[in-house]
Amino acid sequence: MAENIRNIAVLTSGGDAPGMNAAIRAVVRACSFYKLDCTGVYRGYQGLIEADFEKLDARSVRNIINKGGTFLKSTRSMEFKTKKGRKKAYDNLVANNVDALVVIGGDGTFTGGQLFSQEHNFPIVGIPATIDNDINGTDFTLGYDTALNTVVEAIDKIRDTASSHNRLFLVEVMGRDAGDIALNSGIGAGAEEILIPEENLGAERLIDSLRKSKKSGKTSSIIVVAEGEKSGKNIFELAKFIEENLDEYEIRVSVLGHIQRGGSPSCFDRVLASKLGVGAVEALMKGKSEIMVGIHHQKVVHVDLEIAIKDDAKIDNELRRVADITSV
Ligand code: F6P
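Residues numbered from 1 in each chain as written. Predicted model: local features only at pLDDT ≥ 70, side-chain atom pairs only at ≥ 80, totals over all residues. Heavy atoms only, no water.

The protein is annotated in an unreviewed UniProt entry as ATP-dependent 6-phosphofructokinase from Christiangramia fulva.

Below, the structure written as structure tokens:
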């Protein structure tokens, strides 16, 4: 047991994700269970720099397990990217007798956390939370399951119009660098085509494929497009390109946007948040630092932050194969 850990601070940073509140709750309650103090930091790393702190106890986090967003608020702090900003943050933590930090967020959050920990020899544990599911070493990130369900529900509704009017819909989903949302929601919602950032199959191939489907008797279609897909055309240009090369379909574009980040977390995300929140506090108590607590084969695992933020996105070839077979 690390005797020097008596007060743990917790913050959320970067894009919000459903399940962040449930994770804060689990961190606070684990601290209370183990008789440690817990300090909430508002507005992510910017709140560290401005000492925007509040003591939290088990009752401070009641009725939040079901809430989307993050009650601690979130920012992408530019000041924390500077050495001076990080030094201010460190001084505030020391002045408030904080011994360790749990950071809940994605790769940007982990990159900042790792730098801070190295510079000031300050214990940090990360909890992966981003709807994009683009963190290495964890099977799932917080918010991803909820976002998938939101997307599938939205596409199901779009499908009603697509089939009633024999239309082709291009639906844009989030995923600047990762195709996980597009690929999984595309399969779950029965999409005809799925375009993801990890591969560029070319706009011509898309036309060929749509032509074949039309011939095979399809009357309407849904194409799921990840926002970071690499055809070089944005979704409206892609729609125009299809229209110019294929006059069989009436085309519409639907950009789902930030509805994907909001809403009450799914049960899966709440349980995951609870496991990871408890896991983060227990890791700090064991003297761990510069790690992320992730989930692998349903077990909480410790992954070096350096590995977690490594940018080596791969596509799941099995999912791609299933998508191709089920869309014939
Ligand atoms: O949360 C990750 C993400 O959803 C990305 O896929 C997307 O590009 C980005 O957030 C947009 O975030 P914001 O509008 O907050 O800049």
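### Details of the sheet that holds strand E2 (residues 37–41)
Reading across the sheet, the 7 strands line up as E3-E2-E1-E4-E5-E10-E11 and stay open at both edges, with mixed pairing between neighbours. Looking at which strands have only one partner, the edges of the open sheet turn out to be strand E3 (53–56) and strand E11 (299–304). When the angles between neighbouring strand axes are averaged without regard to direction, this sheet yields 30°. Direction of pairing for strand E5 (residues 124–128) relative to strand E10 (residues 291–296): parallel, over a ladder of 2 bridges. Bridged to Val125 within E10 is Ile291. In this fold helix H9 (residues 267–285) packs onto strand E1 (7–12), strand E4 (100–105), E5, E10 and E11, with an angle of close to 140° to the strand it touches most, E10. (Pairing = 2+ DSSP bridges. Helix = DSSP H or I, 4+ residues; strand = E, 2+ residues; numbered from the N terminus. Axes fitted to C-alpha atoms, helices over the stretch in contact; angles between N-to-C directions. Contact = heavy atoms within 4.5 Å.)

### A look at the domain arrangement of the protein
Under the domain assignment used here, the protein contains domain 1 (7–143 + 265–308) and domain 2 (145–261). A C-alpha centroid distance of 35 Å is found between domain 1 and domain 2. With 14 residues of domain 1 at the contact, the number on the domain 2 side is 12 residues. The junction of domain 1 with domain 2 conceals about 1000 Å² of combined surface from both sides, 48% of it contributed by carbon and sulfur atoms. Looking at the side of domain 1 facing domain 2, the largest losses of area belong to Asp16, Ile131 and Asp132, adding up to 46% of the total buried there. (Domains from an automatic or database assignment. Buried area = accessible area lost by both parts, 1.4 Å probe.)

### Regarding the sheet that holds strand E7 (residues 193–195)
What the 4 strands build is an open sheet, ordered E7-E8-E6-E9; its pairing is parallel. At either end of the open sheet lies a strand with only one pairing partner, and these are E7 and strand E9 (250–255). If you compare each strand with its neighbour and ignore which way they point, the axes differ by 15° on average. For strand E6 (residues 167–173) and E9, the ladder comprises 6 bridges, and the chain directions are parallel. Residue pairing across strands places Glu172 opposite Val255, the latter belonging to E9. Each of E6, E7 and strand E8 (221–226) touches helix H6 (residues 180–188); the most contacted strand, E7, lies at about 170° to it. Here helix H8 (residues 235–245) sits on the sheet and contacts E6, E7, E8 and E9; the angle it forms with E9, its principal contact strand, is near 170°.

### Overview of the environment of Glu79
One can find Glu79 in the loop between E3 and helix H3 (83–95). Classification of Glu79 as partly exposed rests on a relative accessible area of 27%. Along the backbone, Glu79 and Ile49 are 30 residues apart, and their C-alpha atoms lie at a distance of 8.1 Å. In this view, Glu79 contacts Gln46, Ile49, Gly85, Arg86 and Lys88; residues no more than four positions away in its chain are not counted. Reaching out from Glu79, the side chain makes a polar contact with the side chain of Gln46 at a distance of 3.0 Å. (Buried < 20%, exposed > 50% of the residue type's maximum accessible area, 1.4 Å probe, protein only. Polar contact = N/O pair within 3.5 Å; in protein donor to acceptor, adjacent residues only side chain to side chain.)

### A look at the pairing of E4
A regular strand places its side chains on the two faces of the sheet in alternate fashion. Among the 6 residues in E4, 6 count as buried, and that is most of the element. Looking at chain direction, E4 and E5 are connected through 5 bridges and run parallel. In the sheet register, Ile104 faces E5, and the bridge partner there is Ile127. Taken together, E4, helix H4 (residues 107–120) and E5 constitute a β-α-β crossover, and its handedness is right-handed. (Right-handed = clockwise from strand over helix to strand, strands pointing away.)

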